[in-house]
Amino acid sequence: MKHSIWTRPMYYILAFLFASISLYPIVLMIASSFKSSSEIFTNPLSFPKGLNLDTYKTLLEQIPFMKFFYNSVIVSIVSVLLILMTGSLAAYYIARYKYKWNQALFFLFLMGMMIPIKLGIVPLFILMKNLGLTNSLWSLILIYTATGIPLSMLILTGFFRTMPVELEEAARIDGAGDLRILWNVVLPLMRPALGTVFIINFVQSWNDFFFPLIFISDEAKKTIPVGMLSLFGEYSADWGSLFAGLTLSSIPMIVLFFIASKQFMEGLTAGAVK
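Because the structure is a prediction, the values reported are computed rather than measured.

**Some points on the overall build of the chain**
Scanning the chain from terminus to terminus reveals 13 helices and 0 strands. With the principal axes as the frame, the chain shows a C-alpha extent of 70 × 70 × 35 Å. For the chain, the proportion of its 274 residues judged to be buried stands at 38%. With the model as given, the accessible surface of the chain reaches about 16700 Å², and the carbon-plus-sulfur share is 71%. Positive and negative side-chain charges of the chain, numbering 19 and 14 respectively, have mean locations separated by a distance of 8 Å.

Structural data, given as structure tokens:
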């Protein structure tokens, strides 16, 4: 079937429209970060009259934003690294070693996706209290690691099963052990899957509001979503500083996506075609 000469331009026009609709809220957030609260309410959808950095100065003066930023980075990076380490080991075992309990073990991991962890917040809080981890960043790291492993297992196990076994057999003939095969042979070929797991879990832990609100009470240990609550007063809010904080907090995710976007898209589309 022949396509009209206007078909391809129409695709580009539609793609441009969808991209514009998707990017407009981000552009509006960045533009609002240079406005005062009164200007935001007066002209909410317009661009700022000038490059005013007072909102960013006020943000850094009102709250310890950089401390919140540091806490979010530590929690997100450490939890994602733990997910990648434990998830890759477990997924490699389930995908490569054939035992009668493999499917049951795999299903046990996937049950973590079926049961919302927030339903068990009371026993989870009691557990963290008994372990002495309340009001500690480790409580968030362990929770994010536990909640991120099920989806990571689903993605990584599927990728391991699609990889040719001959590569591992050749490395094993040369005398390499299982861990060396995993580290030097398999994981370098798993970059799309690892990038997908990294981005999904990083964004989830970075944006989470619920668990830091429950487990963290010390002002110096709060993450960005909870720390930003300080900008809301009883009767009013500093919307300019709030948008400035949102703009700064979105920078790591934007940079991360641009760096790992290729691996992320390959990870999402892998297996769609043979």
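**A short note on the environment of tryptophan 206**
Turning to its location among the elements, tryptophan 206 is positioned in helix α10 (residues 191-207). In sequence terms tryptophan 206 and valine 73 are 133 residues apart; their C-alpha atoms lie 7.7 Å from each other. When near neighbours in sequence (up to four residues on either side) are disregarded, tryptophan 206 contacts Phe69, Ser72, Val73, Ser76, Ile224, Pro225, Ser249, Pro252 and Met253. At 2.9 Å, the side chain of tryptophan 206 forms a polar contact with the backbone oxygen of serine 249.

**A closer look at the packing of helix α4 (residues 65-96) against α10**
Running from amino to carboxyl end, α4 crosses α10 at an angle of 145°, the nearest separation of the two axes being 9 Å. Judged by the sense of rotation from one axis to the other, the crossing of α4 with α10 is right-handed. Here Phe69, Ser72, Val73, Ser76, Ile77, Ser79, Val80, Ile83 and Leu84 of α4 lie close against α10, whose contacting residues are Leu194, Val197, Phe198, Asn201, Phe202, Ser205 and Trp206. Its residues placed into classes, the contact of α4 with α10 shows 11 nonpolar, 5 polar and no charged.

**Structural notes on the nonpolar core**
Ranked by internal contacts, the top residues of the largest apolar core, which has 44 residues, are Ile63, Leu156, Phe160, Val186, Met190, Phe202 and Met228. Elements that contribute at least two residues to this core include exactly α3 (54-62), α4, α5 (102-114), α7 (137-162), α9 (178-186), α10 and α13 (239-269). The dominant element in this core, judged by the number of residues it contributes, is α4, at 10 residues. Ignoring anything within four residues of it in the chain, the contact list for methionine 190 reads Leu156, Phe159, Phe160 and Met163. Counting residues in each nonpolar core, the second largest holds 13 residues, with Leu124, Ile143, Phe215 and Ile216 among its members.

**Some thoughts on empty space enclosed by the protein**
Going through the model one piece at a time under the given rule, you end up with 1 cavity of 30 Å³ or more. Considering only enclosed or pocket space, the largest cavity measures out at about 30 Å³ in volume. Around the largest cavity, the lining residues are Ser72, Val75, Ser76, Tyr144, Ser205, Trp206, Asp208, Pro212 and Thr223. Breaking the lining of the largest cavity down by element, the ones donating at least two residues are α4 and α10. It is α4 that provides the largest number of residues to the lining of the largest cavity, a total of 3 residues. In terms of residue class, the lining of the largest cavity is built from 4 nonpolar, 4 polar and 1 charged.

**A word on the pattern of salt bridges**
The full count for this structure, using the stated rule, is 1 salt bridge. Of the charged contacts in the structure, one is a salt bridge between lysine 222 and glutamate 219, with a shortest N-O distance of 3.1 Å. Overall, lysine 222 belongs to the buried group, its relative accessible area being 16%.

Basis of the calculations
Residues numbered from 1 in each chain as written. Predicted model: local features only at pLDDT ≥ 70, side-chain atom pairs only at ≥ 80, totals over all residues. Heavy atoms only, no water. Helix = DSSP H or I, 4+ residues; strand = E, 2+ residues; numbered from the N terminus. Buried < 20%, exposed > 50% of the residue type's maximum accessible area, 1.4 Å probe, protein only. Areas by Shrake-Rupley, 256 points an atom, 1.4 Å probe, with all protein chains shown as cover. Lys, Arg positive; Asp, Glu negative; His and termini not counted. Charge placed at Lys NZ, Arg CZ, Asp CG, Glu CD. Contact = heavy atoms within 4.5 Å. Polar contact = N/O pair within 3.5 Å; in protein donor to acceptor, adjacent residues only side chain to side chain. Axes fitted to C-alpha atoms, helices over the stretch in contact; angles between N-to-C directions. Left-handed = near helix turned anticlockwise from the far one by under 90°. Nonpolar A, V, L, I, M, F, W, Y, C, P; charged D, E, K, R; others polar. Core = buried A, V, L, I, M, F, W, Y, C linked by side-chain atoms within 4.5 Å. 1 Å grid on protein atoms, 1.4 Å probe; cavity = no way out; pocket = protein on both sides within 12 Å on 5 of 7 lines; lining within 4 Å. Points joined across faces, edges and corners; volume = space filled by probe spheres on them. Salt bridge = Lys/Arg side-chain N within 4 Å of Asp/Glu carboxyl O.

Honestly, it's all geometry; don't read function into it.
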